[in-house]
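Inside the fold
Okay, here's what each chain looks like letter by letter:
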Amino acid sequence: MKLLKLSAFVVLMATAAVGLTSWSNPTPEGGELNIGEFAPMLHQQMIGVNGEQKMLRECLGENGTLIIFSCNTCPFVLQWENRYNQLYDLCEQNKIKMVLINSNEAKREGDDSYEKMKEKAKAQGYKMPYMLDEDHIIADAFGARTTPHVYLLDRNAKLAYRGAIDDNNENANEVKEHYLESAIKAMMAGEKIEPNVTKSIGCSIKRVGQ
């Protein structure tokens with residue numbers, strides 16, 4: 001009996017180790033997080049506009065997590081950001097955490113400085129945390145390309161949907177395909193998300209040296 005208990009414990013610890021490795025390692029260079037893969041860099045520290053430092057894993061929700069790579073001045077963000085708080089409300093109703101991440105390190109001395117981020121969050125009345133991704137480490141690990149770029153994680157921190165918020169950045173009243181909203185509802189209902197990948201449209205994330 002003791003031997004069986006010991007064997008079960010070893011298997012459990014080995015499984016946990018594999019899970020932690022999957023969560024900690026970044027995606028291959030130049031790659032993008034695929035549907036069903038664990039979110040990388042959950043141990044990575046970020047600082048929010050409220051001055052609090054958090055690891056990405058501390059932003060995970062009970063039923064899932066919505067990560068949007070965003071910024072301060074991209075025209076596509078300016079067109080879409082009036083939908084951020086509505087998405088936050090939908091997430092809250094479903095016990096999903098939402099976080100905005102600014103990875104524009106190459107513009108950190110200008111429009112995407114920490115101080116400008118604080119001003120943006122206050123001016124827009126962001127309900128969700130707005131975090132600074134120093135040296136675009138998290139964006140690189142996820143393979144995020146644009147602002148905005150959406151990553152919806154399930155309750156196990158596995159990718160369930162990535163891409164665009166919807167099919168019309170210019171006019172919320174003329175949206176025909178609510179990609180992200182539909183993905184959240186399908187995920188909560190235990191249904192298949194279709195499509196689970198859409199093309200992200202926006203400005204490129206401003207990486208150092210690019």
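If you're wondering where the values come from, they're calculated on a predicted model, not measured in any experiment.

Tallying secondary structure elements over the chain gives six helices and nine strands in all. Going through the 210 residues of the chain one by one, you find that 45% of them count as buried. Long-range contacts, defined as pairs at least 24 residues apart, comprise 72% of the intrachain contacts of the chain with a sequence gap of at least 6. For the chain, the exposed area adds up to about 11100 Å²; of that, 52% sits on carbon and sulfur atoms.

It is worth spelling out helix H4 (residues 114-124) at this point. Three or more residues of H4 are buried, namely Met 117, Lys 120 and Ala 121. For H4, the arc enclosing every buried residue in end-on projection is 95 degrees, short of the 170-degree limit, so these residues lie on one face. Opposite the buried face of H4, at more than 90 degrees from it, the exposed residues are Lys 122 and Ala 123. Looking at the buried side of H4, the elements it contacts are helix H2 (75-80), strand E4 (97-102) and strand E5 (130-132). The first or second residue beyond H4 is Gly 125, which carries a positive phi of 65 degrees.

Attention shifts here to the layout of surface pockets. Gaps between atoms show up when a probe of the same size as a water molecule is rolled over them. There is about 150 Å³ of room inside the largest pocket. Taken together, Arg 83, Gln 86, Leu 87, Leu 90, Ile 165, Asp 166, Ala 172, Val 175, His 178, Leu 180 and Glu 181 form the lining of the largest pocket. When the residues that make up the lining of the largest pocket are grouped by side-chain class, the tally is six nonpolar, two polar and three charged.

The subject of this paragraph is helix H6 (residues 179-189). Of all the positions in H6, only Leu 180, Ala 183, Ile 184, Ala 186 and Met 187 are classed as buried. Just beyond H6, the residue with positive phi is Gly 190, at close to 75 degrees.

Looking now at the environment of Phe 76. Secondary-structure assignment places Phe 76 in helix H2. A sequence separation of 70 residues divides Phe 76 from Thr 146, and the C-alpha atoms of the two residues are 9.5 Å apart. The residues touching Phe 76, leaving out its near neighbours within four places in the chain, are Thr 147, Pro 148, Asn 169, Ile 201, Gly 202 and Cys 203.

Looking now at the nonpolar core. Counting residues in hydrophobic clusters, the biggest one holds 32 residues, and the most contacted among them are Leu 66, Ile 68, Tyr 84, Met 98 and Leu 180. Ignoring anything within four residues of it in the chain, the contact list for Leu 66 reads Leu 87, Cys 91, Ile 96, Lys 97, Met 98, Val 99, Val 150, Tyr 151, Leu 152 and Leu 180. Ala 39, Cys 59, Met 131 and Leu 153 belong to the second largest nonpolar core, which has 20 residues in total.

For the chain, the average pLDDT comes to 89, and 85% of its residues sit at 70 or higher. The low-confidence segment residues 1-29 (pLDDT under 50) makes 24 contacts with residues lying over four places distant or belonging to another chain.

Parameters at a glance
Residues numbered from 1 in each chain as written. Predicted model: local features only at pLDDT ≥ 70, side-chain atom pairs only at ≥ 80, totals over all residues. Heavy atoms only, no water. Helix = DSSP H or I, 4+ residues; strand = E, 2+ residues; numbered from the N terminus. Buried < 20%, exposed > 50% of the residue type's maximum accessible area, 1.4 Å probe, protein only. Contact = heavy atoms within 4.5 Å. Areas by Shrake-Rupley, 256 points an atom, 1.4 Å probe, with all protein chains shown as cover. Arc of directions from axis to C-beta. 1 Å grid on protein atoms, 1.4 Å probe; cavity = no way out; pocket = protein on both sides within 12 Å on 5 of 7 lines; lining within 4 Å. Points joined across faces, edges and corners; volume = space filled by probe spheres on them. Nonpolar A, V, L, I, M, F, W, Y, C, P; charged D, E, K, R; others polar. Core = buried A, V, L, I, M, F, W, Y, C linked by side-chain atoms within 4.5 Å. pLDDT = per-residue confidence, 0-100.

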